Amino acid sequence: MMAPERMQSYREMAKKVRAHCLRMTHRGKSGHVGSMLSMADLLAVLYLGILRVNPKQPRWPDRDRFVLSKGHGGAAVYAVLAETGFFPKEWLDTYYLDNGKLSGHISHHVPGVEFSTGSLGHGLPVAVGMALAARQAGKKHRVFCLLSDGDCNEGSTWEAIAFAAQHHFDNLTVIVDYNRVQALGKMEDVIEMEPFARKLEDFRWAVQEIDGHDYVQIETALNHLPFVPGKPSWLLARTTKGKGVSWMENTVACHYGAVNDEQLAKALKELEVEQ
Ligand SMILES: [Mg+2]
């Protein structure tokens, strides 16, 4: 049972993240809005309930590391970082603008961001390196990496998967924003990964599959890490691309693009956010 206040705090944060992403991409006239809306609930639980981070000390050596591999959706991470006090919310108004504080793809020059990504397949190899470094230094912090469907198609991701299992990195957790839609099409038409859980189990990872919009399921899974001692954890979070905006949900078209004035107003209304 999750306390109602806790559930409410996750719901409110996810709503704020979605609203920020819509406004940011509208203002910047660019961005991968569908990818951002998809992972808002995962980010809300991670930043409010799971990650041991300190907004006042973004480089605190013992912090948990969070790497967003799907760097194109970086605005959603910027939004949750601003809402949790890593930097002023006014910075969000400069997203994707010339000389702005926040670049289109995620940048480690922003407080709270560990690594810059954009080209797919880079996040997990780096996260695995962070897990190795933590172990070698005798540190207890954990490493989390959020992957997209497209990331899972990349060869470099699979090299990292094999390496992490071989070295028993149970300080490492992968979360897949498994909306099954990627840049140029649906997963079944691009590179199908099913049976996905079985593939990872064959690679000696501990796997759990959840509804990536269900706060109880997300929190419960991430409160029980590692899933199996001695194995890296893989959380396959089933999500909906464009979640929360009816005409975007499950469409390839929402992968990239900004909303116009009329669409912004309509989307914020659907999210029940003040205009
Ligand atoms: Mg996807």
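In short, a report on the structure.

About the cut-offs
- Residues numbered from 1 in each chain as written.
- Predicted model: local features only at pLDDT ≥ 70, side-chain atom pairs only at ≥ 80, totals over all residues.
- Helix = DSSP H or I, 4+ residues; strand = E, 2+ residues; numbered from the N terminus.
- Rg over C-alpha atoms; globule rule 2.2 N^0.38 Å.
- Buried ≥ 20, exposed ≤ 12 C-beta atoms within 10 Å, placed from the backbone.
- Pairing = 2+ DSSP bridges.
- Axes fitted to C-alpha atoms, helices over the stretch in contact; angles between N-to-C directions.
- Contact = placed C-beta atoms within 7 Å.
- Parallel < 35°, antiparallel > 145°, perpendicular 65-115°, else oblique.
- Left-handed = near helix turned anticlockwise from the far one by under 90°.
- Nonpolar A, V, L, I, M, F, W, Y, C, P; charged D, E, K, R; others polar.

Quick look at the overall build of the protein chain now. Broken down by element type, the protein chain carries nine helices and seven strands. The C-alpha atoms of the protein chain give a radius of gyration of 17 Å, which matches the 19 Å a tight globule of 275 residues would have. Along the first, second and third principal axes, the C-alpha atoms of the protein chain reach 50 × 45 × 40 Å. Per-residue burial for the protein chain yields a buried fraction of 49% across its 275 residues.

Glancing now at the sheet that holds strand 2 (residues 143-147). Read from one edge to the other, the open sheet built from five strands follows the order 1-2-3-7-6, with strand pairing classed as parallel. Sheet topology places strand 1 (65-68) and strand 6 (206-211) at the edges, where each strand pairs with a single neighbour. The sheet shows a mean angle of 20° between the axes of neighbouring strands, direction not considered. One ladder, built from six bridges, connects strand 6 with strand 7 (residues 233-238); its direction is parallel. Residue pairing in the sheet places Asp211 in a bridge with Arg238 of strand 7. Lying on the sheet, helix 8 (residues 215-222) is in contact with strand 6 and strand 7; it crosses strand 6 at an angle near 160°.

Here the focus is the packing of helix 1 (residues 4-28) against helix 4 (residues 74-83). Running from N to C, helix 1 and helix 4 point in directions that differ by 125°, and their axes come no closer than 9 Å. Between helix 1 and helix 4, the angle falls in the class oblique. Between helix 1 and helix 4 lies a crossing whose hand is right-handed. In contact with Met13, Lys16, Val17, His20, Cys21, Met24 and Thr25 of helix 1, helix 4 contributes Ala75, Ala76, Ala79, Val80 and Glu83.

Along an α-helix, a turn takes 3.6 residues, which lines up residues three or four apart on a common side. Burial analysis of helix 3 (residues 40-50) places nine of its 11 residues in the buried class, the great majority of the element. Within helix 3 the residues assigned to the buried category are Ala40, Asp41, Leu42, Leu43, Ala44, Val45, Leu46, Tyr47 and Ile50.

Let us look at unusual backbone geometry. The omega torsion across Glu194 and Pro195 is 0°, close enough to zero to call that bond cis. By the secondary structure assignment, Pro195 is in the loop between strand 5 (185-186) and helix 7 (196-202). Between Leu225 and Pro226 the backbone carries a cis peptide bond, its omega angle lying at -10°. Of note, Pro226 is situated in the loop between helix 8 and strand 7. Its identity as a non-glycine residue notwithstanding, Tyr96 has a phi of 65°, on the positive side.

Here helix 3 crosses helix 8 at 50°, and the two axes come no closer than 10 Å. Considering their axes alone, helix 3 and helix 8 lie oblique with respect to each other. For the element pair helix 3 and helix 8, the recorded crossing hand is right-handed. Across from Asp41, Leu42, Val45, Gly49 and Ile50 in helix 3, the residues of helix 8 making contact are Tyr215, Ile218, Glu219 and Leu222. A breakdown of the residues in the contact of helix 3 with helix 8 according to their chemical character gives six nonpolar, one polar and two charged.

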